[in-house]
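# Architecture and fold: a report
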Amino acid sequence: MRVSVSRRQFLITGAAMSGGLLVGCGKPSASDRLGDKGILAVEGGEVALNGWVKIGPDGKVTVAVPRSEMGQGVLTALPMLLVEELDARWEDVQVEQAPVAQIYANATMMLNVVPFTSDDDSVMARVARASMQRLGYALSLQVTGGSASVRDAWEPMRLAGATARAMLVQAAATRWSITPAQCQVEAGHVINTKTGARLGFGELAKDASALTPPQDVRFKDPSQYKLIGKPMARQDIPAKVNGSAEFGIDVKREGMVYAAIAQPPVFGAKVASVDSQAALQRKGVLKVLQIPQGVVVVANNWWRAKQALAEVKISYEASPNDKVSSADIRQRYKDELAAKDGFTYGTQGDADGAFKQAAKVIEADYWAPFLAHAAMEPINCVAQVKDGQVEVWCSTQSPSLAKWKASQVAGVDSDKVKLHVPFLGGGFGRRLEVDMVEQAVAIAKQLDGKPVKLVWTREEDMQHDMYRPAALSVFRAAVDAKGRVTAWSNRVAAQSVSFDSVRRLMPAAASNAMPDKNQIEGAFDIPYDFDSISVRQIRPETHVPVGSWRSVGHSYNAFFTESFVDELAWAVRQDPYAYRRSLLGKHPRHLAVLDLAASKAGWGKPLPAGRARGIALHESFGSICAEVAEVSVEGGQVKVHRVVCVIDCGTVVNPDTVEAQMQSSIVYGLSAALFGEITIANGRVEQTSFPSYDAVHMAQMPVVEAHVVPSTAAPGGVGEPGTPPIAPAVTNAIYALTKNRIRSLPIRLDHA
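The shown structure was predicted, so the numbers you read here are calculated from the model rather than taken from an experiment.

### Brief notes about the packing of helix α3 (residues 74-86) against helix α5 (residues 149-176)
- Direction vectors running N to C along α3 and α5 enclose 35 degrees, while the axes themselves pass 6 Å from each other. In terms of crossing hand, the pair formed by α3 and α5 is right-handed. Contact with α3, carried on its side by Val74, Ala77, Leu78, Pro79, Leu81, Leu82, Glu85 and Leu86, involves Ser149, Val150, Ala153, Trp154, Met157, Arg158, Ala160, Gly161, Ala162, Ala164, Arg165 and Leu168 of α5 and no other residues of that element.

### A look at the nonpolar core
- Counting 76 residues, the largest nonpolar core has Trp488, Phe530, Phe564, Leu568, Tyr579, Val730 and Ile747 as the members making the most contacts within it.
- Residues contacting Phe530, with those up to four places away along its chain left out, are Gln348, Val485, Trp488, Leu568, Tyr579 and Leu583.
- Residues Val65, Leu159, Val185 and Phe423 belong to the second largest nonpolar core, which totals 59 residues.

### Quick notes on empty space enclosed by the protein
- Enumeration over the complete set of coordinates arrives at 5 cavities of 30 Å³ or more.
- Volume-wise, the largest cavity comes out at about 100 Å³.
- In this structure, the largest cavity is lined by 13 residues; those nearest its centre are Arg468, Ser555, Gly669, Ala672 and Leu745.
- For the lining of the largest cavity, the element with the most residues is helix α20 (residues 655-674), which contributes 3 residues.
- Looking at the lining of the largest cavity residue by residue, the class counts come to 8 nonpolar, 4 polar and 1 charged.
- When its volume is computed, the second largest cavity comes out at roughly 70 Å³.

### Some points on the side chain of Ser689
- Examined against the element boundaries, Ser689 turns out to sit in the loop between β26 (684-685) and β27 (703-708).
- Apart from the residues lying within four places of it in its own chain, the contact partners of Ser689 are Arg458, Glu459 and Met462.

### Here's the deal with the environment of Val83
- Along the chain, the position of Val83 falls in helix α3.
- By relative accessible area, Val83 is classed as buried at 1%.
- Separated by 144 residues in the primary sequence, Val83 and Leu227 place their C-alpha atoms 8.0 Å from one another.
- Discounting chain neighbours no more than four positions away, the residues touching Val83 are Val63, Ala88, Trp90, Val93 and Leu227.

### Some details on the sheet that holds strand β23 (residues 623-634)
- Taking strand neighbours across the sheet as the criterion, the 4 strands line up as β22-β23-β24-β27 in an open arrangement whose pairing is mixed. The open sheet has two edge strands with one neighbour each: β22 (611-620) and β27. The sheet shows a mean angle of 20 degrees between the axes of neighbouring strands, taken without regard to direction.
- Pairing of β22 with β23, which is carried by 10 bridges, proceeds in the antiparallel orientation. Across the sheet, residue Ile615 finds its bridge partner in β23, namely Val628.
- The strands touched by α20 within the sheet are β23, β24 (637-648) and β27, with β24 carrying the most contacts at an inclination of about 145 degrees.

### Thoughts on the sheet that holds strand β17 (residues 417-420)
- Judged by pairing direction, the sheet is mixed, and its 7 strands sit side by side in the order β10-β11-β8-β18-β15-β16-β17 without closing on themselves. Unpaired on one side and paired on the other, β10 (285-291) and β17 mark the two borders of the sheet. Neighbouring strand axes in the sheet, compared pairwise and without regard to direction, differ in orientation by 20 degrees on average.
- Relative to β17, helix α12 (residues 399-410) is tilted by about 140 degrees, and along the sheet it contacts β16 (389-393) and β17.
- Running at roughly 40 degrees to strand β15 (residues 380-386), helix α13 (residues 435-444) makes contact with β8 (257-262), β10, β11 (294-299), β15, β16 and β18 (452-455) of the sheet.

### Focus: α3
- With 13 residues, α3 should reach 18 Å at 1.5 Å per residue; the first-to-last C-alpha distance of 18 Å fits that figure.
- Where α3 bends most, the angle comes to about 30 degrees, and this point is Met80.
- Counting buried residues in α3 gives 13 out of 13 residues, a clear majority hidden from the surface.
- Downstream of α3 by one or two residues, Asp87 has phi in the positive range, about 65 degrees.

### Looking at the environment of His554
- Here His554 lies in helix α17 (residues 554-571).
- Relative accessible area serves as the criterion here: at 2%, His554 is assigned to the buried category.
- Measuring from C-alpha to C-alpha, the distance between His554 and Pro724 comes to 5.8 Å, with 170 residues separating the pair along the chain.
- Sequence-distant contacts of His554, defined by excluding residues within four places in its chain, comprise Glu521, Gly522, Asp525, His618, Glu619, Ser620, Phe621 and Pro724.

### Description of the layout of surface pockets
- The space that makes up the second largest pocket amounts to roughly 1,400 Å³.
- Counting only elements with at least two residues in the lining of the second largest pocket, the list comes to α2 (30-34), α4 (123-138), α5, α19 (588-601), β22 and β23.
- Sorting elements by how many residues they give to the lining of the second largest pocket places α5 first, with 6 residues.

### A word on unusual backbone geometry
- With omega at 0 degrees, the peptide bond leading from Leu745 into Pro746 counts as cis.
- Following the sequence through the fold, Pro746 ends up in the segment after α21 (726-738).
- The phi angle at Asp448 is positive, at roughly 55 degrees, despite the residue not being glycine.
- Structurally, Asp448 can be placed in the loop between α13 and β18.
- Its relative accessible area of 72% is what places Asp448 among the exposed residues.
- Of note in this structure, Asn682 is not a glycine but carries a positive phi near 50 degrees.
- Judged by relative accessible area, which is 44%, Asn682 ranks as partly exposed.

Rules used in this analysis
- Residues numbered from 1 in each chain as written.
- Predicted model: local features only at pLDDT ≥ 70, side-chain atom pairs only at ≥ 80, totals over all residues.
- Heavy atoms only, no water.
- Axes fitted to C-alpha atoms, helices over the stretch in contact; angles between N-to-C directions.
- Helix = DSSP H or I, 4+ residues; strand = E, 2+ residues; numbered from the N terminus.
- Left-handed = near helix turned anticlockwise from the far one by under 90°.
- Contact = heavy atoms within 4.5 Å.
- Core = buried A, V, L, I, M, F, W, Y, C linked by side-chain atoms within 4.5 Å.
- Buried < 20%, exposed > 50% of the residue type's maximum accessible area, 1.4 Å probe, protein only.
- 1 Å grid on protein atoms, 1.4 Å probe; cavity = no way out; pocket = protein on both sides within 12 Å on 5 of 7 lines; lining within 4 Å.
- Points joined across faces, edges and corners; volume = space filled by probe spheres on them.
- Nonpolar A, V, L, I, M, F, W, Y, C, P; charged D, E, K, R; others polar.
- Pairing = 2+ DSSP bridges.
- Expected span 1.5 Å × (residues − 1).
- Bend = angle between axes of the 7 residues up to and from the residue.

Structural measurements only, silent on function.
As structure tokens, this is what we get:
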């Protein structure tokens, strides 16, 4: 299947992405990614061998990790890559957060916006992928997202380890007056194979650092791996267990003051007036400030700031969105789907001709609501602006953007900003945004050098998110006289996350007049072998801000596509699993994943009375995932008893992390499927906290069995691919059990 993107659209898209096609077509080179050893700060006799690793005189190896730890295990998986090639002792390894620098750019994440299917190896697809990776590197996008941490680190971190190893070997060979070929490396030592003499990494590091890094190192054969593919204990867990781990909300600085914020309840509204007299009389209150995003109270502790904020009388200017409701937004989607053709994003065969000749046409509409991120750690940021310098402590997924935004707000050069990235108490895409940095620095500018900790209430967090877009999908399928589906048509209406994100960061560069792969991913790139396929995207605009939510467009498009595939299976009287098998002749990896999921789940075997199974298959972020849900309906409520998950994520680095991420993805997606819904009334979000935006409770959690398909392919993502299939697996099981087709989320049996 191909994507219909004209040459003009392609060039416009490249220009809009800040010159992606103008920075060269090759992806960042090995030497680009290796970096200069001067990037890393050293102390206590340490020496850096490149921009990723330094070694102390005691042989301790410190690995710089450029991705944010938010529970996904990057502080373990990424060092494993480097240490595998270095051949250090794992017990001697420690990690530190990498500074903000170009070599740490997440170039691979940019592949998520390339408008081509994963199996498209055309010249244009290859040029686009290489160009976007080069662009990500050129823009220094040091970001944790897109399930790209391991995928992006796979080459540079192994290269850093292999290069450092070669330098240590050369240093030892020089001392012994032998050739490097007469040395071997084992557990942090270089061994002279002629004499058996041994030198530790700590003894060799200084000499090695004086050498020019070699240009022709070779990676290990996978058969030699000692770490990669083995379950390894997480580096971050001990500190989280003993309470010493520092999250953003834990940061304390000497002389720190605290800030609470009230933002306009209607998105985009402006503050008309502020009466702060009563608040300023309260104990501990220092200031009442107005910043572009709202009204802030600063006090000597946060509770006092919050309580005083409730006494500030704020009025807002009238807004054209003051009466907008969820029903209005849904109707706008319907109207634009009816009135606009949108962008053709996936075409194959002659869909129009197939519909004209169809014996029957099957139609269905699907809906997914706005969703909040609802991370357990509320939004927060600590900032200090003093003597022309800015210091920021923020649990962010976007260090490079956070640093840039801080410099912009403070009016200083970027090199005057020092950024610290503590642990994140959940990200899910919300902490890709830098609004909290913008606000905290704007407040700090007005506090005469005092550090300030800005903390949002849970209500502010819930009602001022950058939400997963609501989405509407309209399907049609042509069925011939023999009962065979000959054409698949899907039109998806949803806001563009890419457009909204760029508009917040660089308004002048934002355009909603181009295709957006993030909006349509998981809809245009389906693996099924239909004769004709037509997929189009329509992108309405609303006043509700949208952003990346775990698995982005895949999160709703998987529900749409896998539900409609299931509908077709039942319509042509085939078993849903067997029907999918029959359509995967060109995709053996997908077929293997599907087969293993069905086998492990016992597909076709009897279940206890009142239970049924549903199945779903979806590819996202370079990985293929199938899930089978075992469901019952008890007292009018859906109960998910068991979920069998199978993933082909290519080469596995840490199997424990993969299993944990599948469990995490499933509980996150299941929470959304059962409960998740952000509704709008009078222009504002109705939900305020967890009582009105619930999640799966421990007693509701199904048994989750995760299985990994062995693979030698390059690593795929694991942070997000487990989320898209869970909703359709559950709703397909509900249909098998009740013949009640759920076409709208969250699941409500009386609103199907």
